[in-house]
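Here are the chains, one letter per residue:
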Amino acid sequence: MNGPEITDAIVLSIKIGLLATIINIPLAMITAYLLARFEFGGKAILDGLINLPLVMPPVTTGYLLLFILGKRGFIGAYLFSWFGIRIAFTTAAAVIASMVVSFPLVARSIRISMEMLDKKMENAAMTLGAGKLAVFFRVTLPLILPGVINGAVLGFARSLGEFGATMTFAGNIRGETRTIPLSVYSLLQIPGKEKDAGILVIISIVISFAAMFLSSAFGRKMTRKGKDVYGPSV
Amino acid sequence: MLKKAILTFVLLSSSFLSVFAGGNAESSASETPASDTPTEITVFLAASTTDVLNDLTAMYTERTGIAVNTNPASSGTLAKQLEQGAEADVYISASKKWMDYTDNLGIVLESSPFVRNRLVLIAPNDTPLKPFEITTETDFPSLFSGRISIGDPAHVPAGKYAQDALTYFGWYDKISDRIQPAADVRAALAVVELGETELGIVYETDAMKSGDKVAVLSHFPEESFTPIEYFCAQLTPEGEDFYQFLLSDDAAGIFESYGFTPTK
């Protein structure tokens, strides 16, 4: 009877987690690139703003999002009256909530690998005639890939666990915003549903474990590959 | 440096002590006989009674010197918390269902119905809809295009009453996939206040509390739902005095000023 509810929650969680992560990666790469390579006014503020959701209570993050993107929010009001777009309390809101709270983790991980990257590699490629884009895709990206993957996995895991901001900004609508944590919460409000909640808890442990395992396996493979290609010449 | 470290340690340990000392006091209080007056009591209350209980507890504390800790949530959530061992002295439920459930746990010393409420259809204050009378002729599903905000019927009494009323008119099946369930009736109200849904169903007292942020479109006819009756229960000997206070004429007057109808 509750089978569909459990499946709904799992499918939705994975969908939202994947979407949030996929959109976050390019944004995080640009941000990390800016922060790792350039000095500019307001850099500390940008850095602080990005990391804020890491330390802020998620419920307040959700409230801020509602304040900005809600139907009466100061951006959301225009989105609604001009384009008829409603964000709050939809799957899109759940994706945005997950993106905002997991973004610091993705950006941080990419930034660290960018700062550790030996710029001589890029310079060497350029002296050999590679254009800026070619350098990025054929030298920089392969070298920071372990950091990107690590960030993506951390971000995905954080998205799977997202509760407070989602509850506040996206609500708890079955099949739309009721992800695994929200579903566990809802089931625990109803006496006699402990078993269903337990099943979801076990499944979320399995998913998180699989993500961590995949990332470390992939990370090892990447480091080995990196050594094969670039190792001897360094 | 050393001074600073010592100071930090003292501050930390004193805060730990104060937290755990509170816990100790509570457990020893429940062991003492009922004749001793407690210094504080805990009340679990249905979310819709949050404001009126704010007033009542302030009044009670002023009279007796007993501090009242409150825990507002949906009646179902509270029943569940009590089932899992949460300690409360008094429990207020917005429906008979969750009071019976709590009674079956064997933790209720005494309980009684005490106030009533009504169910209203609300909309954000800028709604194009005009107040109307709900009848079997109403084409309810086409009143709105998006979602309708109600409490999660699984554990929020207001949501369950709303579901009953919609079912009575034969509308529930048509709109069940357009329901936006909230964790309690106040959360359902907040969604409408923010203009996120075109309609919502809450208690009349919630709509009153909301003032001009929401418009009341209609009252659901009494025959369309089970009577909304609030119950209060005394769970511990320490809770007796507050329980009696809730049933008193003074409390009834305050409940009335918030839009509830006292039945005692």
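Residues numbered from 1 in each chain as written. Chains lettered and ligands numbered in written order. Predicted model: local features only at pLDDT ≥ 70, side-chain atom pairs only at ≥ 80, totals over all residues.

### Some words on the interface of chain B and chain A
Right, on to step 1. Each partner contributes to the interface: chain B provides 16 residues, whereas chain A provides 14 residues.
Right, on to step 2. Looking at the side of chain B that touches chain A, the elements that each hand over two or more residues are helix 3 (75–83) and strand 7 (179–182) of chain B.
Right, on to step 3. When the residues that make up the side of chain B that touches chain A are grouped by side-chain class, the tally is six nonpolar, six polar and four charged. (Contact = placed C-beta atoms within 7 Å. Helix = DSSP H or I, 4+ residues; strand = E, 2+ residues; numbered from the N terminus. Nonpolar A, V, L, I, M, F, W, Y, C, P; charged D, E, K, R; others polar.)

### Quick notes on the pairing of strand 4 (residues 110–117) of chain B
Right, on to step 1. One ladder, built from seven bridges, connects strand 4 of chain B with strand 10 (residues 228–234) of chain B; its direction is antiparallel. Bridging across to strand 10 of chain B, B:Pro113 finds its partner in B:Phe231. (Pairing = 2+ DSSP bridges.)

### Re the nonpolar core
Right, on to step 1. Counting residues in hydrophobic clusters, the biggest one holds 114 residues, and the most contacted among them are A:Ala97, B:Val90, B:Leu119, B:Ala158 and B:Val202.
Right, on to step 2. Setting aside chain neighbours within four positions, we find B:Leu119 in contact with B:Tyr161, B:Ala162, B:Ala165, B:Ile201, B:Tyr203, B:Phe220, B:Phe225 and B:Ile228. (Core = buried A, V, L, I, M, F, W, Y, C linked by C-beta atoms within 7 Å. Buried ≥ 20, exposed ≤ 12 C-beta atoms within 10 Å, placed from the backbone.)

### Considerations on the pairing of strand 10 of chain B
Residue and element names in this part refer to chain B.
Right, on to step 1. In terms of burial, strand 10 is largely enclosed, as six of its seven residues are buried.
Right, on to step 2. Where strand 3 (residues 90–93) and strand 10 come together, four bridges link them in antiparallel fashion. What sits directly across from Tyr91, in strand 10, is Ala233.

### Quick word on helix 4 (residues 96–104) of chain B
Residues and elements named next belong to chain B.
Right, on to step 1. Taken together, the buried positions of helix 4 are occupied by Trp98, Met99 and Thr102. Summarising the axial view, the buried residues of helix 4 lie within an arc of 105°, below the 170-degree limit, and thus occupy one face.
Right, on to step 2. Looking at the buried residues of helix 4, the elements they touch are helix 3, strand 3, strand 4, helix 5 (157–168) and strand 10.
Right, on to step 3. Looking one or two places after helix 4, you find Gly106, whose phi comes out positive at around 80°. (Arc of directions from axis to C-beta.)

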